[in-house]
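Here are the chains, one letter per residue:
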Amino acid sequence: MKLFDGLARFQPQALAALRIMTALQFLEHGTQKLFNFPVSDHAGALTALSLTAGILEFVGGILLALGLFTRPVAFLLAGEMAIAYFMAHAPQNFFPVNNGGDSAISFCFIFLYLAFAGAGAFALDNRRSA
């Protein structure tokens, strides 16, 4: 459609917006696990698995927001979310809407897309390759 043809020139900026907003949401999961911010009902001692997840979410979220090492970090985080889904959510119920795994699936596929598509505009990766 001609109406949307002009939008293609903004693809790098749209990809950057997807990367940055997803990273900031993901970072929040890490800060909640590691620092109980924002405050959660699930606060308490961290297991080795939840500590590892919190570190990946915190550091990975920062790196993705900055657009630094985007492809390898996104690939790693996609794997983390796949593992999280199958370990924590899938055993509860078959349907993601019932097992609370919607966000894990969405994060997984957005990160997988970023691993293939790259960082888009406004990324430190663009300065490293220049």
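Residues numbered from 1 in each chain as written. Predicted model: local features only at pLDDT ≥ 70, side-chain atom pairs only at ≥ 80, totals over all residues. Heavy atoms only, no water.

Q: If you had to explain a nonpolar patch on the surface to someone new, which residues and values would you point to?
A: Side chains of Met1, Leu3, Phe4, Leu7 and Phe10 sit close together on the surface and give an oily, nonpolar patch of about 600 Å² of accessible area. With respect to the helices and strands, the residue Leu3 is situated in helix 1 (residues 2–5). According to the relative accessible area criterion, Leu3 is exposed, its value standing at 64%. (Patch = residues over 30% accessible without salt bridge, like charges linked within 9 Å, V, L, I, M, F, W, Y side chains within 5 Å. Areas by Shrake-Rupley, 256 points an atom, 1.4 Å probe, with all protein chains shown as cover. Salt bridge = Lys/Arg side-chain N within 4 Å of Asp/Glu carboxyl O. Helix = DSSP H or I, 4+ residues; strand = E, 2+ residues; numbered from the N terminus. Buried < 20%, exposed > 50% of the residue type's maximum accessible area, 1.4 Å probe, protein only.)

Q: Got a sec to walk through the packing of helix 2 (residues 11–35) against helix 3 (residues 48–66)? Specific residues and values, please.
A: Between helix 2 and helix 3, the least distance of the axes is 7 Å, while the angle of their chain directions is 150°. As summarised for this structure, helix 2 and helix 3 are arranged roughly antiparallel, according to the angle between their axes. Relative to helix 3, the crossing made by helix 2 is left-handed. Split into classes, the residues belonging to the contact of helix 2 with helix 3 amount to 16 nonpolar, six polar and three charged. (Axes fitted to C-alpha atoms, helices over the stretch in contact; angles between N-to-C directions. Parallel < 35°, antiparallel > 145°, perpendicular 65-115°, else oblique. Left-handed = near helix turned anticlockwise from the far one by under 90°. Nonpolar A, V, L, I, M, F, W, Y, C, P; charged D, E, K, R; others polar.)

Q: Could you give an account of the nonpolar core, naming the residues involved and the relevant values?
A: Membership of the largest hydrophobic core comes to 16 residues, with the highest contact counts inside it found for Phe26, Leu64, Ala74, Leu77, Met81 and Phe111. The set of elements that each furnish at least two residues to this core consists of helix 2, helix 4 (70–89) and helix 6 (102–117). Leaving out residues up to four positions away in the same chain, Leu64 has contacts with Arg19, Ala23, Thr70, Val73, Ala74, Leu77 and Phe111. (Core = buried A, V, L, I, M, F, W, Y, C linked by side-chain atoms within 4.5 Å. Contact = heavy atoms within 4.5 Å.)

Q: Go over the packing of aromatic side chains, please, and point to the residues and values.
A: By convention here, two paired aromatic rings are described through the distance between centres and the angle between planes. Summed over all chains, the structure comprises six aromatic pairs. Between Phe26 and Phe111, the aromatic rings sit 4.8 Å apart at their centres with planes inclined by 80°, giving edge-to-face as the arrangement. Pair noted here: Phe26 is in helix 2 and Phe111 is in helix 6, with a separation of 85 residues, a long-range link. The pair formed by Phe26 and Phe111 is uniform in burial state, with each residue classed as buried. Here Phe94 and Phe95 contribute two aromatic rings whose centre-to-centre distance is 5.2 Å and whose plane-to-plane angle is 85°, an arrangement assigned as edge-to-face. In textbook terms, an aromatic cluster arises when at least three aromatic residues are bridged by ring pairs, as seen for Phe26, Phe107 and Phe111. (Phe/Tyr/Trp six-rings, centres within 6.5 Å; stacked < 30°, edge-to-face > 60°.)

Q: Explain helix 4 residue by residue, including any values.
A: Given a rise of 1.5 Å per residue, 20 residues ought to cover 28 Å, and the 26 Å separating the end C-alpha atoms of helix 4 matches this to within 8%. The set of residues buried in helix 4 consists of Thr70, Val73, Ala74, Leu77, Ala78, Glu80, Met81, Tyr85 and His89. Considered in projection along helix 4, the buried side chains sweep an arc of 165° and stay on one side of the axis. Facing away from the buried side of helix 4 by over 90 degrees, the exposed positions are Pro72, Phe75, Ile83, Phe86 and Met87. (Expected span 1.5 Å × (residues − 1). Arc of directions from axis to C-beta.)

Q: An account of the side chain of Thr22 is requested, with residue identities and associated values reported.
A: With respect to the helices and strands, Thr22 occurs in helix 2. Residue Thr22 is classed as buried on the basis of its relative accessible area of 7%. There is a polar contact of 2.7 Å between the side chain of Thr22 and the backbone oxygen of Leu18. Once residues within four sequence positions are removed from consideration, Thr22 is found in contact with Phe107, Ile110 and Phe111. (Polar contact = N/O pair within 3.5 Å; in protein donor to acceptor, adjacent residues only side chain to side chain.)

Q: Go over the layout of surface pockets, please, and point to the residues and values.
A: Rolled over the atoms, a probe as big as a water molecule pinpoints where empty space is left. Computed from the structure, the largest pocket encloses a volume of approximately 810 Å³. Around the largest pocket sit 29 residues that line it, and Lys33, Ser50, Ala53, Glu57 and Ala84 are the ones nearest its centre. Contributing elements (two or more residues each) for the lining of the largest pocket: helix 2, helix 3, helix 4 and helix 6. In terms of residues, the lining of the largest pocket owes the most to one element, helix 4, which gives seven residues. The class makeup of the residues in the lining of the largest pocket is 14 nonpolar, twelve polar and three charged. (1 Å grid on protein atoms, 1.4 Å probe; cavity = no way out; pocket = protein on both sides within 12 Å on 5 of 7 lines; lining within 4 Å. Points joined across faces, edges and corners; volume = space filled by probe spheres on them.)

None of the figures reported here should be taken as evidence of function without further support.
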